Amino acid sequence: MNEPDSPDELIRAAAESISGRLAGEEGPVAALRSVVHMVDNDEAELAVDDLARVIEYYRIRILRTEYDQITAAATQLDALDSLTEVKIDRFIGD
């Protein structure tokens with residue numbers, strides 16, 4: 001079982017939180033479900049990159065807590081470049 005602050009759990013929590021807020025928006029929700037499937041298949045580093053791209057593509061506003069979870073996971077996975085390429089911080093919309 002994963003620790004609460006493991007990259008897998010952080011990515012899953014952020015993706016599920018965003019998905020919950022977007023309920024009814026089929027495209028983004030399906031893409032976020034794909035991110036969770038990556039985590040389930042031990043592809044957390046790819047999931048961070050994909051999550052950043054989904055946020056950018058759909059221009060999803062994210063909460064500060066979701067941003068913090070994504071950033072913490074990316075830091076642990078040494079994948080911060082995925083977030084800086086997309087400039088994910090511009091989508092924070094508390």
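Position labels on residues start from 1 in each chain and follow its written sequence. For this predicted model, a pLDDT threshold of at least 70 governs which residues receive local features, and a threshold of 80 or more governs which side-chain atom pairs are given and counted, while totals over whole chains, interfaces and linings are taken from all residues. Heavy atoms from the whole structure form the basis of all side-chain values; hydrogens and water molecules are not counted.

Turning our attention to the overall build of the protein chain. The helix and strand labels rest on DSSP assignments: H or I over at least four residues marks a helix, E over at least two residues marks a strand, and numbering proceeds from the N terminus. Helices and strands together make up the secondary structure of the protein chain, namely five helices and zero strands. Ordered by position from the N terminus, the helices and strands of the protein chain form the series α-α-α-α-α. Relative to the 2.2 N^0.38 estimate, which gives 12 Å for 94 residues, the radius of gyration of the protein chain is 12 Å and therefore close to what a compact globule would have. Projected onto its principal axes, the C-alpha positions of the protein chain cover 30 × 25 × 20 Å. With a 1.4 Å probe rolled over the protein chains alone, any residue whose accessible area is under 20% of its type maximum counts as buried; one over 50% counts as exposed, and the rest are partly exposed. Going through the 94 residues of the protein chain one by one, you find that 44% of them count as buried. Exposure was quantified through the Shrake-Rupley algorithm and a 1.4 Å probe, taking into account, for residues, occlusion by the shown protein chains and nothing else. Counting every atom, the protein chain has about 5,300 Å² of accessible surface; 47% of that belongs to carbon and sulfur. Two residue types count as positive, namely Lys and Arg, and two as negative, namely Asp and Glu; His and chain ends fall outside the count. Charge placement uses NZ in Lys and CZ in Arg. For Asp and Glu, CG and CD serve respectively. Of the charged side chains in the protein chain, 9 are positive and 21 negative, and the gap between their average positions amounts to 10 Å. Note on method: radius of gyration uses C-alpha positions; expected globular size equals 2.2 Å times residues raised to 0.38.

Right, let's get into the packing of helix 1 (residues 7-21) against helix 4 (residues 64-76). Lines fitted to C-alpha atoms define the axes, with helix axes restricted to the stretch in contact, and inter-axis angles between N-to-C directions lie between 0 and 180 degrees. Contact pair helix 1 / helix 4: the axes reach a minimum separation of 8 Å and the direction vectors enclose 155 degrees. Overall, the two elements helix 1 and helix 4 adopt an arrangement that is roughly antiparallel. For helix 1 against helix 4, the interelement crossing comes out left-handed. Between helix 1 and helix 4, the contacting residues are Pro7, Leu10, Ile11, Ala13, Ala14, Ser17, Ile18 and Arg21 on the first element and Glu66, Gln69, Ile70, Ala72, Ala73 and Gln76 on the second. The class makeup of the residues in the contact of helix 1 with helix 4 is nine nonpolar, three polar and two charged. Oblique is the label for any angle not under 35 degrees, not over 145, and not in the 65 to 115 range, which are roughly parallel, roughly antiparallel and roughly perpendicular in turn. Put simply, a crossing is left-handed when the front helix is turned counterclockwise from the back one by less than a right angle, and right-handed when it is turned clockwise. Note on contacts: a residue pair is in contact if any heavy atoms of the two residues lie within 4.5 Å. Three classes are used: nonpolar for Ala, Val, Leu, Ile, Met, Phe, Trp, Tyr, Cys and Pro, charged for Asp, Glu, Lys and Arg, and polar for all others, with Gly counted as polar.

A separate point is unusual backbone geometry. We note that arginine 59 has phi near 50 degrees; this positive angle belongs to a residue other than glycine. Looking at where arginine 59 falls in the secondary structure, it is placed in the loop between helix 3 (44-58) and helix 4. For aspartate 78, which is not glycine, the phi dihedral falls at a positive 55 degrees. Within the fold, aspartate 78 resides in the loop between helix 4 and helix 5 (80-86).

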